[in-house]
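Coordinate inspection notes
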Amino acid sequence: MGANTSHASDLSENTSLKALVGTESITENDPFWNQLISFTFISPTNSADSKLLEEAVIPLAKAFIENNPRTGNFGALVRIFLGRTKELKISTECKDQLFIWQAHNALFMIRCLLKVFIRELSEEELHQHFCYQERAPGCCEETGSEDLLEELLLNLVHLIVEVPLLDITYSILFEAVTTLLVFFSNQLLHKDILRDGLICQHIMKGRCLCLTSRLVKTLLYNFIRQEKCPPATHIFEPKAEGGLLYGLASGVASGLWSVFTLGGAGSRAGIDQEDNPLPLSNQSLLLLLVLANLTDGPDWPNPYRQAITCFRNTQDTSSLTVEPPHTFQINFNSLYTALCEQQRSDQATLLLYTLLHQNANMRTYILSRTDMDNLVLPILEILYHVEERNSHHVYMALIILLILTEDDAFNRSIHEVLLKNISWYTERSLTEISLGSLLILVVIRTIQFNMTRTRDKYLHTNCLAALANMSAQFRYLHQYAAQRIISLFALLSKKHNKVLEQATQSLRGRQADNTALPDYAQDLNVIEEVIRMMLEIINSCLCNSLHHNPNLVYALLYKRELFEQFRTHPSFQDIMQNVDTVIGFFSQRLEQAGSDLSVERVQEVIMKGAQALPKDRLKKFPELKFKYVEEDQPEDFFIPYVWSLVYNAAVGLYWSPHGIELFSMDSG
């Protein structure tokens, strides 16, 4: 790249880069290397600039693939970087910015070349390019003395966990995380899930293994800290004496800042900083999700998943008889706060799901919080804007709710949290509502959206399971929430009658040519399953907390005719008994109270009647309880999902959509 390069379009003509990828070997002590890595370049942060960079690098990388077996220059470049990393921690302590800058530049070049290598080469061929080394003029052989690929991986992990996050180290830490992401990006180019590859082996059971817990902890803290790109003026302030630049062109100094700000002030790439001002936090989270979802090896488990499963709170002073492998401690309060603040992104929601599902310590901590609204409200907002979210994000939000509703204390406490003026809930002005009633409203709205648009049985099932888990603990439902429960039942009833009518007409009008009929029986079966589930939810509330829910009784009485048709239906007779009993009991009391009753008077009669209804009048049913269980081979869902997030959200990385095999581009 050299001292004067500043734009992607200049790369193909750059003399230093031409020499690097050319046919001549360059020894590691040649002054060329010092010049090569003392360049100024605006690291891209948006997809447009990343695409320009990729297109400029491709011809250089292809030439390198052809010539490197003879020159070994790629291995030399890697060793130049490794030589710099050994002094990186000391350089940080001494604030040796020039040294850090050169190490960053070397790694940036390695990452750009690697990305194309991975696209063009098999993993075995990639490994060979790390092994080629000059032996004699015009002859280059593979060397077995060291595994340079593993050495680079180990150094990247060391760099991430050892070098403190400061203004002067932000860019090189970002680059190290990004390079590790690139190492695993081969998965994007394959339809099948990759298992047990060489890079996975190095990272999961090689010399990197002992750093597992520290890497997971550091990536989590990067996410927690949410550090923005440091401003340019804090990064590099040239000193008056000329020695700092090692005699390079004076034009270098003015451009150094941009390297560290990842396309900061004044650059086109800087425009995207408004959308993603936290590149290190974002990239660290993506790498963490990639590592956590690597598949187990034939005879070893994924250590990163183990670390995520068992880490504990720094406040936890208890000692375990047997320490789980790769365990560590982290500040749960800080992690919880970051999770609450970042739920607008798919990747933060996926991290929350992963922790709730897999880490019992974190799940217990989250459920013990008294400010659960800070976490639940962003999840509800995701579901409320279901039309704008991708289906995977909606699924994750819904499963999070399902996991939370498995806990009875959660189901009770959400009705005690009062909220005022929920700005994003626009269908109706809710000046005051409990978190529990709002949750019911949003889940019912999701069911109704799904019925009219996507008709996804999986979505229905999870929505209804969450409502069922909560139903025995419904308390003082908001009148609008009570109305919506009965309105949903009305909608289902109407749909049931329509499908029944279509099935009947279809049978009557069946033509002699024996054309295939729509499967109305299956449609009817699905609707009846949902109707039964809704009746069970209503029944559970009436049996367990009738006296706490006068608004639900009021809504039930107001729409009592809806339930007539199901009284004698064989699928619903048993569950209709209690609904009938409640409707009959309260109807009689209202008749005794007189005619033309005001709403207030009706509510008064209901309140008194709820206290008077003998509990033994209602038949007991088994408690409704549903538990989320991950499906077999969850990697078939999660690995494509994680990589679709990397594809769409990684900062400064671009992949051509034509080469993506792992997922279809409309879902990516």
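Quick caveat: nothing in here was measured; it's all calculated off a predicted structure.

Notes on the overall build of the chain
Along the backbone of the chain there are 28 helices and 6 strands. Relative to its full complement of 668 residues, the chain shows a buried share of 56%. As presented, the chain carries roughly 28900 Å² of accessible surface, and 49% of it is formed by carbon and sulfur atoms.

Details of the nonpolar core
Counting 230 residues, the largest nonpolar core has Leu-20, Ile-203, Leu-438 and Phe-563 as the members making the most contacts within it. Sorting elements by how many residues they give to this core places helix 6 (residues 97-120) first, with 14 residues. Of the residues that make up this core, three or more belong to each of domain 1 (8-134 + 146-232 + 277-323 + 636-659) and domain 2 (332-471). Setting aside anything within four residues of it in sequence, one finds Leu-20 in contact with Ile-26, Phe-32, Trp-33, Leu-36, Phe-64, Asn-73, Leu-77, Met-109 and Leu-113.

Looking at empty space enclosed by the protein
In the structure shown here, the tally under the stated rule is 3 cavities of 30 Å³ or more. Of the voids in this model, the second largest cavity is the one considered here, and its volume is about 80 Å³. Lining of the second largest cavity is provided by Pro-44, Ser-50, Leu-53, Glu-54, Val-57, Arg-111, Cys-112, Lys-115, Gly-652, Leu-653 and Tyr-654. For the lining of the second largest cavity, the secondary-structure elements that each account for two or more residues are helix 3 (47-71) and helix 6. Here the lining of the second largest cavity gets 4 residues from one element, more than from any other, and that element is helix 3. Among the residues making up the lining of the second largest cavity, the classes are represented as 6 nonpolar, 2 polar and 3 charged.

Quick notes on the state of the cysteines
Per the stated rule, a full pass over the model turns up 0 disulfides. With no disulfide partner, Cys-543 has as its closest neighbouring cysteine sulfur the one in Cys-541, 9.3 Å distant.

Structural notes on helix 8 (residues 148-162)
For helix 8, with 15 residues, the first-to-last C-alpha span of 20 Å sits near the 21 Å given by 1.5 Å per residue. A large share of helix 8 lies buried, amounting to 12 of its 15 residues. When helix 8 is considered as a whole, its buried residues turn out to be Leu-148, Leu-149, Glu-150, Leu-152, Leu-153, Leu-154, Asn-155, Leu-156, Val-157, Leu-159, Ile-160 and Val-161.

Let's talk about the packing of aromatic side chains
The final tally for this structure, using the stated rule, is 24 aromatic pairs. Seen from their ring centres, Tyr-353 and Tyr-628 are 5.9 Å apart, and the 80° between their planes marks the pair as edge-to-face. Placement of Tyr-353 in helix 16 (residues 346-358) and of Tyr-628 in the loop between helix 27 (599-612) and helix 28 (635-649) is noted, with a sequence separation of 275 residues between them. Each of the two residues, Tyr-353 as well as Tyr-628, counts as buried. Feature note: the residues Phe-64, Phe-74, Phe-117, Phe-130 and Phe-183 constitute an aromatic cluster, connected by ring pairs. The ring centre of Phe-99 lies 5.6 Å from the NZ or CZ of Arg-84, which sits over that ring. Geometry around Tyr-384 places Arg-445 over its ring, the cationic atom sitting 4.1 Å from the centre.

So, the confidence of the model for the chain
Scored by pLDDT, the chain has a mean of 85; 87% of the residues are at 70 or more. Within the model, the stretch residues 136-145 combines pLDDT values under 50 with 22 contacts to residues more than four positions away or in other chains. Within the model, the stretch residues 233-274 combines pLDDT values under 50 with 87 contacts to residues more than four positions away or in other chains.

Considering the layout of surface pockets
Size it by volume and the second largest pocket reaches roughly 490 Å³. Sorting the residues of the lining of the second largest pocket by element identifies helix 19 (391-405), helix 22 (457-471), helix 24 (520-545) and helix 28 as the ones contributing at least two each. Residue contributions to the lining of the second largest pocket peak at 7 residues, all from helix 22. For the lining of the second largest pocket, the residue count by class is 16 nonpolar, 4 polar and 7 charged. Looking at which domains feed residues into the lining of the second largest pocket, each of domain 1 (8-134 + 146-232 + 277-323 + 636-659) and domain 2 (332-471) gives three or more.

A word on the packing of helix 3 against helix 6
Packed helix pairs are specified by the crossing angle of their axes together with the interaxial distance, meaning the distance between the axes. It is the contact of helix 3 with helix 6, at a shortest axis distance of 9 Å, that shows an interaxial angle of 75°. The orientation of helix 3 with respect to helix 6, classified from their angle, is roughly perpendicular. Between helix 3 and helix 6, the contacting residues are Leu-53, Glu-54, Val-57, Ile-58, Ala-61, Lys-62, Phe-64 and Ile-65 on the first element and Phe-108, Cys-112, Leu-113, Lys-115, Val-116, Phe-117, Arg-119 and Glu-120 on the second. In terms of residue class, the contact of helix 3 with helix 6 is made up of 11 nonpolar, no polar and 5 charged.

Focus on the pattern of salt bridges
What the rule picks out here adds up to 23 salt bridges. In this structure, Arg-207 and Glu-151 form a salt bridge, with 2.6 Å as the shortest nitrogen-oxygen distance. Separated by 56 residues along the polypeptide, Arg-207 in the loop between helix 10 (198-205) and helix 11 (212-225) and Glu-151 in helix 8 bring together distant segments of the chain. Measuring nitrogen to oxygen at the nearest pair gives 2.9 Å for the salt bridge that ties Asp-371 to Arg-369. Each of Arg-312, Asp-316 and Glu-323 takes part in a single network of salt bridges with overlapping partners.

A word on the packing of helix 16 against helix 17 (residues 360-368)
One can describe the packing of helix 16 onto helix 17 by two numbers: an axis separation of 6 Å at closest approach and a directional angle of 105°. When the axis of helix 16 is compared with that of helix 17, the two are roughly perpendicular. When helix 16 is examined against helix 17, the residues Leu-352, Leu-355, Leu-356, His-357 and Gln-358 are found in contact with a partner set consisting of Ala-360, Met-362, Arg-363 and Ile-366. Residue composition of the contact of helix 16 with helix 17, grouped by class: 6 nonpolar, 2 polar and 1 charged.

Focus: the environment of Ile-330
Examined against the element boundaries, Ile-330 turns out to sit in strand 4 (residues 329-330). Along the backbone, Ile-330 and Asn-313 are 17 residues apart, and their C-alpha atoms lie at a distance of 5.2 Å. With sequence-adjacent residues up to four places away left out, Ile-330 is seen in contact with Lys-217, Leu-220, Tyr-221, Ile-224, Phe-311, Arg-312, Asn-313 and Thr-314.

Comments concerning the side chain of Ser-213
Summarising the element assignment, Ser-213 is placed in helix 11. Residues contacting Ser-213, with those up to four places away along its chain left out, are His-326, Thr-327 and Phe-328.

Brief notes about helix 19
Taking 1.5 Å as the rise per residue, helix 19 with 15 residues should run 21 Å; its terminal C-alpha atoms sit 21 Å apart, in good agreement. A large share of helix 19 lies buried, amounting to 13 of its 15 residues. Its side-chain oxygen at 2.9 Å from the backbone nitrogen of His-392, Asn-390 defines the N-terminal cap of helix 19.

Quick notes on the environment of Asp-580
Locating Asp-580 in the fold gives a position in helix 26 (residues 573-593). Along the sequence, Asp-580 and Glu-564 sit 16 residues apart, while their C-alpha atoms lie 9.0 Å from each other.

The rules behind each value
Residues numbered from 1 in each chain as written. Predicted model: local features only at pLDDT ≥ 70, side-chain atom pairs only at ≥ 80, totals over all residues. Heavy atoms only, no water. Helix = DSSP H or I, 4+ residues; strand = E, 2+ residues; numbered from the N terminus. Buried < 20%, exposed > 50% of the residue type's maximum accessible area, 1.4 Å probe, protein only. Areas by Shrake-Rupley, 256 points an atom, 1.4 Å probe, with all protein chains shown as cover. Core = buried A, V, L, I, M, F, W, Y, C linked by side-chain atoms within 4.5 Å. Domains from an automatic or database assignment. Contact = heavy atoms within 4.5 Å. 1 Å grid on protein atoms, 1.4 Å probe; cavity = no way out; pocket = protein on both sides within 12 Å on 5 of 7 lines; lining within 4 Å. Points joined across faces, edges and corners; volume = space filled by probe spheres on them. Nonpolar A, V, L, I, M, F, W, Y, C, P; charged D, E, K, R; others polar. Disulfide = S-S within 2.5 Å. Expected span 1.5 Å × (residues − 1). Phe/Tyr/Trp six-rings, centres within 6.5 Å; stacked < 30°, edge-to-face > 60°. Lys NZ or Arg CZ within 6 Å of the ring centre and 35° of its normal. pLDDT = per-residue confidence, 0-100. Axes fitted to C-alpha atoms, helices over the stretch in contact; angles between N-to-C directions. Parallel < 35°, antiparallel > 145°, perpendicular 65-115°, else oblique. Salt bridge = Lys/Arg side-chain N within 4 Å of Asp/Glu carboxyl O. Polar contact = N/O pair within 3.5 Å; in protein donor to acceptor, adjacent residues only side chain to side chain.

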